[in-house]
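The lines below spell out each chain.
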Amino acid sequence: MQKITIETSITFDLPRRIKRLADFAYNLWWIWNPEAIRLFTMIDKALWEDVYHNPIVFLREVDRANLNAVVNNRFFLDVYDRVMRTFDQYMLGNHTWFNREYAPLEGQRIAYFSFEFGLHESIPVYAGGLGILSGDHLKEASDLGLPLVGVGFLYTQGYFSQKITEDGWQEARNQMLKLENLPVMPIKDESGRQLTISVDLTGRNVLARLWQIQVGRVPLIMLDTNVEENSLPDRSLTSRLYSNDLDLRISQEILLGIGGVRALRMLGIKPAAWHMNEGHSAFLTLERVREMMVDGKSFAEASEIVRKSSVFTTHTPVPAGNDEFALWLIDKYFPVYWQELGLDRDQFIDLARNKARWGGDSFSMPVLAMHLADYRNGVSELHGQVSRKMWHYLWPERNVEDVPISHVTNGIHTGTWLARRLRGLFDRYLASDWLERLDDPSVWDDIDKIPDGEFWLVRRHLKRKLMAYIMERSRRNWITTTIHPVQIIAGGSLLDPYALTIGFARRFATYKRANLILRDMDRILNLLNQPNHPVQIIFAGKAHPADEPGKLLIQEVYRAVKNAQNGGRLVFLEDYDMNIARYLVQGVDIWLNTPRRPNEASGTSGEKAAINGVLNFSVLDGWWREGFNGHNGWAIGDDTEFDDNEAQDAADATSLYDTLEKEIIPMYYDQRSADNLPVEWVARMKESIRTMMPQFSTRRMVKEYMTDLYLPAMKSADAAGIKSKKKG
Ligand SMILES: *Cc1c(COP(=O)(O)O)cnc(C)c1O
């Protein structure tokens, strides 16, 4: 195998004493370590905000004077030395959960394929929930010491940024990302050329470059096709996420699945287990079969091995999230390939045949994945049930409860989403190793040791911080653009840092019903404007650029937001991303989620809110159906599912208004102690943290993936003799 180097192209001009700050330019570990972030803010807080928390741009632009100042600052140097020690120990990775539990598996690798990875706001190559889950999965795999390698795309234009026009219409803006500003490292060969792989797309040999992002201990391999050898259209094959052009989409999926396997091979990586996070990458199974057939195995033998070593996670029951392709696209791209697999057209299509949404047959990516992966799961208990029902026809001989799809409920990466101030409280009052043992429920029984007053002060601080951030954004908008003043108010400039604040932020898809709380305008306006009990609601979220109903939903919400009668208490924040998400899930009082059950397979934003003591107020769907215990938030509606959407919406809206009016608002404003603490509210917040912190963390989730799915897959790979060589 050739020698491979991974190089950063940039060196920074830093004082020797603190030159290792550059380590954080190309390793994302700092993202979930607030002490490391503090190093940047201590050097120049304003610049850190200006460069959108991007260490590469920060280190390039920072004033030498600021650097010289901290080199003489004893306190800074103490933090610096401590952070570097922690980082070095972490990277050694000698005492991880994986080492302890699975030492015999050392040297084996797990490949994790996903269409998008949401790691940080400064790397905008993600669209939403699926991407952030993938990013959180990598971070947790790093923390636990799993020998995982991610595979995905470096979208050269990233996801769009969102502007809302005065009449509430979403405008999408795309821009070329400046790759030199991203923590991506070209993977090079001995002669210093960046490695490329190629795939055949109907006679076009399309090349993709290889990049690496280092996520703590875990490498993420990324592909992009913007290389000179490719034709102009092929150069932009990986420029954007989730195109509606199915020809482009299948080309991307061929590149991810087939090209992704080739990329790993080029790097000498032989994973023992292969995880397809959603069906987009399912072509990887075919490429693995093809490889083994080149080595002399039959299709039957090879596909058996692939099945036993593959894991597939389905993420949504919503049709638009389950990719399927018209057969003419298969005829266009696969005639050579199916011959290489020793199959004819029908046999090939049978691998993924599905009843198309548009009638007739289609080639379905989840079906392909389910046929070629023995380990399959949904992302919550209810979603497991729904998936077994939905895919029952693939196993007609079985009872629905025996359909072989299990579930692993989604979690969130605690270090990424937990407010620094709350970490501080936990450090002071909980067991010193709480972060190490955060999935152990007994750790959280100590939450009551935190004095209510101190806890409440932190919560108030986080809300003020959110408001200050929103005001500052408004001010900037007002200065730098020519938008109508009503849009400044719509953006939150009249928010009240002391009012009960509800957050609703997620993708604007119609089943998520962002407008449910606006269904009875008179009733909600009345609740918002009670003189001593004001309520305010902050909305944020993007609609897919091709989703007209989603954009109309934004427009409907925006119309309500602009209505002067709401007193500035309805707000829409433009351009939702991980940065805004962090402010919201840490800063509001209530996290609202109103999906039409059972369409929210899991949801994760409410989990981010819950661990920060923000109370969930949600439909009993996805994760919340498992998390809600009667005392740690509120439910909207009950387990009833209606056949009639209108009836369900009406019932859910009534439940929502009643609970808000009779329980939530009085508990926040009226049930106060002599020193003005909302005692019941604080008890609920603590209950939220106590019950949900251990359960809805990726710590629990990735451990489950390891023991229930990766481990059996790795063992069967072992049996089949495809174990990779010991490292080193
Ligand atoms: C967590 C998160 C999501 C997912 O939100 P859901 O409510 O679970 O759909 C989407 N976008 C961003 C930016 C997030 O941080």
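Within every chain, residues take consecutive numbers counted from 1 along the sequence as written. Two thresholds apply to this predicted model, a pLDDT of at least 70 for residue-level local features and 80 or more for giving and counting side-chain atom pairs, whereas whole-chain, interface and lining totals are computed over all residues. As a convention, hydrogens and water are excluded, and side-chain values are obtained from all of the structure's heavy atoms.

Caption draft 1: Spatial organisation of the pattern of salt bridges. Salt bridges are defined as contacts in which a side-chain nitrogen from Lys or Arg sits within 4 Å of a carboxyl oxygen from Asp or Glu. Inspection of the entire model under this criterion finds 55 salt bridges. Close ionic contact of Arg173 with Glu171 constitutes a salt bridge, the shortest N to O distance being 3.8 Å. Overall, the relative accessible area of 44% leaves Arg173 in the partly exposed class. Think of it in three bands: with a 1.4 Å probe and only protein chains considered, a residue is buried below 20% of the maximum accessible area for its type, exposed above 50%, and partly exposed in between. The exposure class assigned to Glu171 is partly exposed, which follows from its relative accessible area of 35%. One continuous salt-bridge network, built from bridges that share partners, spans Arg262, Glu287, Arg290 and Glu340.

Caption draft 2: How the structure looks around the packing of aromatic side chains. Each Phe, Tyr or Trp ring, with Trp reduced to its six-membered ring, pairs with another whose centre is within 6.5 Å; inter-plane angles below 30 degrees give stacked pairs, above 60 give edge-to-face pairs, and intermediate values give tilted ones. Enumeration according to the criterion identifies 41 aromatic pairs in this entry. Between Tyr159 and Phe160, the ring centres sit 4.7 Å apart and the planes meet at 50 degrees, which makes this aromatic pair tilted. In this structure Tyr159 comes out as buried when scored by relative accessible area, which is 14%. Ring centres 5.8 Å apart and planes at 75 degrees place the aromatic pair Trp434 and Trp444 in the edge-to-face group. With a gap of 10 residues between them, Trp434 in the loop between helix H17 (420-429) and helix H18 (452-480) and Trp444 in the loop between H17 and H18 connect regions that are remote in the sequence. Helix and strand labels come from DSSP, where a helix needs a run of H or I of at least four residues and a strand needs a run of E of at least two; each type is numbered from the N terminus.

Caption draft 3: Just the sheet that holds strand E14 (residues 361-364), in detail. Strands are treated as partners if at least two bridges between them are detected by DSSP. Taking strand neighbours across the sheet as the criterion, the three strands line up as E12-E14-E13 in an open arrangement whose pairing is antiparallel. One side of each edge strand has no neighbouring strand; the edge strands of this open sheet are strand E12 (324-326) and strand E13 (353-355). Taken over all neighbouring pairs, the strand axes of this sheet differ in orientation by 50 degrees on average, direction set aside. In this fold helix H14 (residues 365-372) packs onto E12, E13 and E14, with an angle of close to 60 degrees to the strand it touches most, E14. In this description, a line fitted to the C-alpha atoms serves as the axis of each element, helices being fitted only across the stretch in contact, and the angle between N-to-C directions of two axes falls anywhere from 0 to 180 degrees. In what follows, a contact means two residues having at least one pair of non-hydrogen atoms within 4.5 Å.

Caption draft 4: Representation of the nonpolar core. Residues grouped as a nonpolar core are buried Ala, Val, Leu, Ile, Met, Phe, Trp, Tyr and Cys residues, joined through side-chain atoms within 4.5 Å. Counting residues in each nonpolar core, the largest one holds 150 residues, and the members touching the most others are Phe24, Leu146, Phe283, Phe334, Phe348, Met706 and Tyr710. Broken down by element, this core gets its largest block of residues, nine residues, from helix H27 (residues 698-719). The split of the chain into domains comes from an automatic or database domain assignment. When residues of this core are assigned to domains, at least three map to each of domain 1 (12-92) and domain 2 (97-410 + 703-719). Within the second largest apolar cluster, 91 residues are counted, among which are Ala505, Ile517, Phe539 and Val588.

Caption draft 5: Up close: the confidence of the model for the protein. Known as pLDDT, the predictor's per-residue confidence is scaled from 0 to 100. Taken residue by residue, the protein gives an average pLDDT of 95. The fraction at 70 or more is 98%. Counting contacts from residues 723-728, a segment whose pLDDT is below 50, to residues more than four positions away or on other chains yields 14 contacts.

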